[in-house]
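Observations on the model geometry
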Amino acid sequence: MWRHELTAATAEQTQGFAAKLAGVIRKGDVLCLQGTLGSGKTTFSQGIIQALLPGEEVTSPTFNLVKTYPLPGFDLWHFDLYRLDRREQLWELGIEEALMEGALLIEWPEIAASLLPASRLTVKLEADAATEKRTIRLEAEGGLWNERLKGVL
Ligand SMILES: Nc1ncnc2c1ncn2[C@@H]1O[C@H](COP(=O)(O)OP(=O)(O)O)[C@@H](O)[C@H]1O
Ligand SMILES: [Mg+2]
């Protein structure tokens, strides 16, 4: 298991880091965002999406559960599965098409875990009780993400 840890003192730093990661995202990628409410999963997603689509307004897909953003060559699917109550709903949301033809950012990915490729990148966000500091832990099986993120982080 490859692991890498960063700290972000502010929301802007979290987004700045996410923007760097955005530069290496390709079709077929799955990024899982884990952390409690308010830890920064949507903030991180905004950093990625706005780096790829400057000027795009990125809201949390809390109620629709998914929002797609067209990129050159593929769509980026932003899921928030917090309110998903049946696993079967994933198909209605288009998870199959997303996995076959797009790239995915998934907040609260646990319910979908068994469908996700082993090559996924997991981003764990942890808030500090007293400050705005976030600890950001990256985890991936195999060497794919280590290779890709060399020189980026
Ligand atoms: N270092 C930081 N990284 C990310 N968000 C931060 C940070 N410091 C403060 N925040 C704030 O914390 C909140 C995180 O909310 P959000 O991204 O919606 O969390 P989640 O999607 O995990 O529930 C935002 O209001 C953001 O501005
Ligand atoms: Mg969120």
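Residues numbered from 1 in each chain as written. Chains lettered and ligands numbered in written order. Predicted model: local features only at pLDDT ≥ 70, side-chain atom pairs only at ≥ 80, totals over all residues. Heavy atoms only, no water.

The next thing to look at is the side chain of Thr122. Looking at where Thr122 falls in the secondary structure, it is placed in strand 6 (residues 121-127). Judged by relative accessible area, which is 11%, Thr122 ranks as buried. When residues no more than four places from it in sequence are discounted, the contact partners of Thr122 are Cys32, Gln34, Arg137, Leu138 and Glu139. (Helix = DSSP H or I, 4+ residues; strand = E, 2+ residues; numbered from the N terminus. Buried < 20%, exposed > 50% of the residue type's maximum accessible area, 1.4 Å probe, protein only. Contact = heavy atoms within 4.5 Å.)

For the rest of this paragraph, the subject is the environment of Lys150. Tracing the chain through its elements places Lys150 in the segment after helix 5 (144-149). With relative accessibility at 53%, the residue Lys150 sits in the exposed group. Within the structure, Lys150 has its side chain in polar contact with the side chain of Glu147 (distance 2.9 Å). (Polar contact = N/O pair within 3.5 Å; in protein donor to acceptor, adjacent residues only side chain to side chain.)

As a further point, take the pairing of strand 2 (residues 30-34). For strand 2, the tally of buried residues reaches 4 of 5 residues, placing the bulk of the element in the interior. Inspection of the sheet shows strand 2 paired to strand 5 (residues 102-107) by 4 bridges, in the parallel sense. Counted as the bridge partner of Leu33 is Glu107 from strand 5. Relative to strand 6, strand 2 runs parallel, the two sharing 4 bridges. From the neighbouring strand, Gln34 faces strand 6, where its bridge partner is Lys124. (Pairing = 2+ DSSP bridges.)

The next thing to look at is the site of ligand 1. The immediate surroundings of ligand 1 are formed by 16 residues, with Thr14, Gly38, Lys41, Thr42 and Thr43 found nearest. Separating an oxygen atom of ligand 1 from a backbone N or O atom of Gly38 is a distance of 2.8 Å. Lys41 places a side-chain nitrogen or oxygen 2.7 Å from an oxygen atom of ligand 1. If ligand 1 stood free it would expose 570 Å²; the protein chains cover 73% of that surface. Elements with a minimum of two residues in the shell around ligand 1: helix 1 (11-22) and helix 2 (41-52). Examining the composition of the shell around ligand 1, we find that 3 residues originate from one element, helix 2, more than from any other. (Near = heavy atom within 4 Å. Areas by Shrake-Rupley, 256 points an atom, 1.4 Å probe, with all protein chains shown as cover.)

For the magnesium ion (ligand 2), every protein donor is listed as Thr42 (OG1) and Glu107 (OE), and the spread of their distances is 2.1 to 2.2 Å. In this pair, Thr42 is assigned in helix 2 and Glu107 in strand 5, connecting sequence segments 65 residues apart. Its relative accessible area of 2% is what places Glu107 among the buried residues. (Donors = N, O, S within 2.8 Å, 3.2 Å for Na, K, Ca; no water.)

All right, on to the sheet that holds strand 7 (residues 134-140) then. The strand order across the open sheet formed by 7 strands is 1-7-6-2-5-4-3, and the pairing between neighbours is mixed. Strands with a single pairing partner mark the edges of an open sheet, and in this sheet they are strand 1 (2-8) and strand 3 (66-71). Averaged over all adjacent pairs, the angle separating strand axes in this sheet is 15 degrees, with direction ignored. As paired strands, strand 3 and strand 4 (residues 74-80) are joined by 6 bridges and run antiparallel to one another. Within the sheet, the bridge partner assigned to Thr68 lies in strand 4 and is Trp77. The strands touched by helix 2 are strand 2, strand 3, strand 4, strand 5, strand 6 and strand 7; relative to strand 5, the strand with the most contacts, the crossing angle is about 155 degrees. (Axes fitted to C-alpha atoms, helices over the stretch in contact; angles between N-to-C directions.)

At their nearest, the axes of helix 1 and helix 2 sit 7 Å apart, and the two run at 50 degrees to each other. Compared by their axis directions, helix 1 and helix 2 come out oblique. Read as a crossing pair, helix 1 and helix 2 show a hand that is right-handed. Between helix 1 and helix 2, the contacting residues are Ala11, Thr14, Gln15, Phe17, Ala18, Ala19, Leu21 and Ala22 on the first element and Thr43, Phe44, Gln46, Gly47, Ile48, Ala51 and Leu52 on the second. Of the residues belonging to the contact of helix 1 with helix 2, the class tally is 10 nonpolar, 5 polar and no charged. (Parallel < 35°, antiparallel > 145°, perpendicular 65-115°, else oblique. Left-handed = near helix turned anticlockwise from the far one by under 90°. Nonpolar A, V, L, I, M, F, W, Y, C, P; charged D, E, K, R; others polar.)

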